[in-house]
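Now for the letters of each chain:
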Amino acid sequence: MAHRARPTLETVAERAEVSRQTVSNVLNAPHVVADATRDRVLAAIDELGYRPNVAARQLRTRRSWVLGLRVPPASDGISGQVLDRFLHALTEVAQQAGLRIMLFTSGDDADEVREYQNLHSTAGVDGFVLANTHAGDGRTRWLTEQAIPFVTFGRPWDGDRSAADHAWIDIDGRSGIHAATRHLLDAGHRKIAFLGWPEGSGVGDDRYAGYLDALRTVPTAAPPLVRRCEDGVPTGMAAAADVLADDDVTALVCVSDSIALGAMAAIRDLAHTRPRRPAVALTGFDDTPVARAVDLTSVAQPVDRVAARAVGLLLSQMRPADQRVTMSAADRHVLIEPRLVVRATSQVPV
């Protein structure tokens, strides 16, 4: 019985109708390839069953081609959906490039740094992907000092230039909340409250800035009205009930879907306890499966694009020194635009 020849870069290129170099770029630097072309090449790779010769590459480069990623603590099942989707997308893109993801856990930043040291020195892990960056992030400083390849899903938040020049990809939350707030303003709402996280959260403060930006674009908008709370459905419900005591508030912009779902419950209660109160429009952030199920307008994070850029930035650091290309700040620091998904909760007449 004849054996099917093992697919090569050339056969993948022929099937996808691109050059061999384009296929190589998809595997080693996916961020330089247009989305449509990358999808076509990945489809050809799947169809043909192509896999890079990892063993040969390990011998040639003296690398394991394994990346480490800390698994975050269990969440309420709503806000954690974004990192779950990112992990799946990262694993898929890494696998296509001949990389493997090693998952590990840690209690805090200091514990995570110890795991970096152990995995790099004893398990041969070549690089790391970090999530949930924050002000004073000692993890990025340690990895930079050790010259270990890494990339973060999240930008530096404290302006520390000694550790801020590393490769990062982030979602432009400010732009996403601006779009959500402007959507409500365009619908005629003028007194719009923001339900956000406590001050000091880099991501939360960035999203709050988008709300303020949007209000400034409409001279007739009411002054900012903000309630801050920890992430979660019960806290979101309490914060929404507080601001909705003012009947002039006709719309809520929420920093997350978890808080928005709590606000949804508060709005539902008002329909029973104060039936004459004006209806309330509502938006969330993250576009989780729960948001889609309850028809919640939300800001979608394109985590598949984040994963592709993350792998590309890591691969560029893992090349032999004589093959590395100097990257500009614009190449190393990537801010990706999210997308507002309009559903029933925001289409409430004023």
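All of the points below concern the structure found in this document. What you are looking at is a predicted structure, and each value in this text was computed from that prediction instead of being measured.

### Structural notes on the overall build of the protein
Right, on to step 1. What the protein contains, in helices and strands, is 14 helices and 12 strands.
Right, on to step 2. Across the 350 residues that make up the protein, the buried fraction comes to 51%.
Right, on to step 3. Here the contacts in the protein between residues at least 6 apart in sequence split such that 69% fall between residues at least 24 apart.
Right, on to step 4. For the protein, the accessible surface area stands at approximately 16,400 Å², while carbon and sulfur atoms represent 52% of it.

### With respect to helix α13 (residues 303-318)
Right, on to step 1. Taking 1.5 Å of rise per residue, the 16 residues of α13 would be expected to cover 22 Å, and the 22 Å separating its terminal C-alpha atoms lies within 8% of that figure.
Right, on to step 2. Within α13, 13 of the 16 residues are buried, leaving the element largely enclosed by the surrounding structure.

### Focus: the sheet that holds strand β9 (residues 281-286)
Right, on to step 1. Here we have six strands laid out as an open sheet, ordered β7-β6-β8-β9-β10-β12, and mixed in their pairing. The open sheet has two edge strands, β7 (225-228) and β12 (339-341), and neither has a second partner. On average, adjacent strands in this sheet sit at an angle of 20° to one another, irrespective of strand direction.

### Describing the sheet that holds strand β5 (residues 167-171)
To summarise the sheet geometry, strands pair through backbone hydrogen bonds and adopt either a parallel or an antiparallel arrangement.
Right, on to step 1. Spatial ordering of the open sheet is given by β2-β1-β3-β4-β5-β11, a layout of six strands whose pairing is parallel. The open sheet has two free edges, formed respectively by β2 (100-104) and β11 (333-336), since each of these has just one partner strand. Across the sheet, the mean angle separating the axes of adjacent strands is 20° when strand polarity is ignored.
Right, on to step 2. Each of β1 (66-70), β3 (127-131), β4 (150-153), β5 and β11 is contacted by α13, which is oriented at about 175° to β5, the strand it contacts most.

### Overview of helix α8 (residues 173-186)
Right, on to step 1. Compared with the 20 Å implied by 1.5 Å per residue over 14 residues, the 20 Å span of α8 between its first and last C-alpha is a close match.
Right, on to step 2. If you check which residues of α8 are buried, you get G173, S175, G176, I177, A180, T181, H183, L184 and L185.
Right, on to step 3. The first or second residue beyond α8 is G188, which carries a positive phi of 105°.

### Concerning the nonpolar core
Right, on to step 1. In this structure, L195, Y211, L244, L252 and L282 are the most contacted members of the largest nonpolar core, which totals 45 residues.
Right, on to step 2. When residues of this core are assigned to their parent elements, the largest contribution, eight residues, is made by helix α11 (residues 257-273).
Right, on to step 3. Excluding residues that lie within four positions of it along the chain, L244 makes contacts with V249, L252, I267, L270, R274, R277 and V280.
Right, on to step 4. Judged by nonpolar contacts, the second largest core, of 29 residues, contains L67, V82, L90 and I169.

### A look at the pairing of β4
Right, on to step 1. The side-chain alternation of β4 yields two buried faces, one formed by F150 and T152 and the other by V151 and F153.
Right, on to step 2. Pairing of β3 with β4, which is carried by four bridges, proceeds in the parallel orientation. Along β4, the bridge assignment pairs V129 with V151.
Right, on to step 3. In this fold, the crossover linking β3 to β4 by way of helix α7 (residues 138-145) has right-handed handedness.
Right, on to step 4. The pairing of β4 with β5 spans three bridges and is classified as parallel. Bridging across to β5, V151 finds its partner in A167.

### Side note on the packing of helix α5 (residues 81-96) against α13
Right, on to step 1. Viewed as axis vectors pointing N to C, α5 and α13 meet at an angle of 45°, and their least axial separation amounts to 8 Å. Classified by the angle between their axes, α5 and α13 sit oblique to one another. Like other packed secondary-structure pairs, α5 and α13 cross with a definite hand, here right-handed. Within the contact between the two elements, α5 uses V82, R85, F86, A89, L90, V93 and A94 and α13 uses V303, D304, V306, A307, A308, A310 and V311.

### Focus: the packing of aromatic side chains
Right, on to step 1. A full pass over the atoms with the stated rule returns eight aromatic pairs.
Right, on to step 2. On the numbers, 4.7 Å between centres and 50° between planes, the contact of F86 with F153 is tilted. On the criterion of sequence distance, the pair formed by F86 in helix α5 and F153 in strand β4 is long-range, its members being 67 residues apart. The exposure classification of F86 matches that of F153, with both residues buried.
Right, on to step 3. An aromatic cluster of three or more residues is present, and its members are F104, Y116, F128 and W142.
Right, on to step 4. Here the guanidinium or amino end of R207 rests over the ring plane of F285, the centre of that ring lying 3.7 Å away.
Right, on to step 5. Over the face of the ring belonging to Y208 we find R228, whose NZ or CZ atom lies 4.8 Å from the ring centre.

### Some words on the side chain of R38
Right, on to step 1. Along the chain, the position of R38 falls in helix α3 (residues 35-48).
Right, on to step 2. Judged by its relative accessible area of 10%, R38 is buried.
Right, on to step 3. At 2.9 Å, the side chain of R38 and the side chain of D35 are in polar contact.

Scoring rules and cut-offs
Residues numbered from 1 in each chain as written. Predicted model: local features only at pLDDT ≥ 70, side-chain atom pairs only at ≥ 80, totals over all residues. Heavy atoms only, no water. Helix = DSSP H or I, 4+ residues; strand = E, 2+ residues; numbered from the N terminus. Buried < 20%, exposed > 50% of the residue type's maximum accessible area, 1.4 Å probe, protein only. Contact = heavy atoms within 4.5 Å. Areas by Shrake-Rupley, 256 points an atom, 1.4 Å probe, with all protein chains shown as cover. Expected span 1.5 Å × (residues − 1). Pairing = 2+ DSSP bridges. Axes fitted to C-alpha atoms, helices over the stretch in contact; angles between N-to-C directions. Core = buried A, V, L, I, M, F, W, Y, C linked by side-chain atoms within 4.5 Å. Right-handed = clockwise from strand over helix to strand, strands pointing away. Parallel < 35°, antiparallel > 145°, perpendicular 65-115°, else oblique. Left-handed = near helix turned anticlockwise from the far one by under 90°. Phe/Tyr/Trp six-rings, centres within 6.5 Å; stacked < 30°, edge-to-face > 60°. Lys NZ or Arg CZ within 6 Å of the ring centre and 35° of its normal. Polar contact = N/O pair within 3.5 Å; in protein donor to acceptor, adjacent residues only side chain to side chain.

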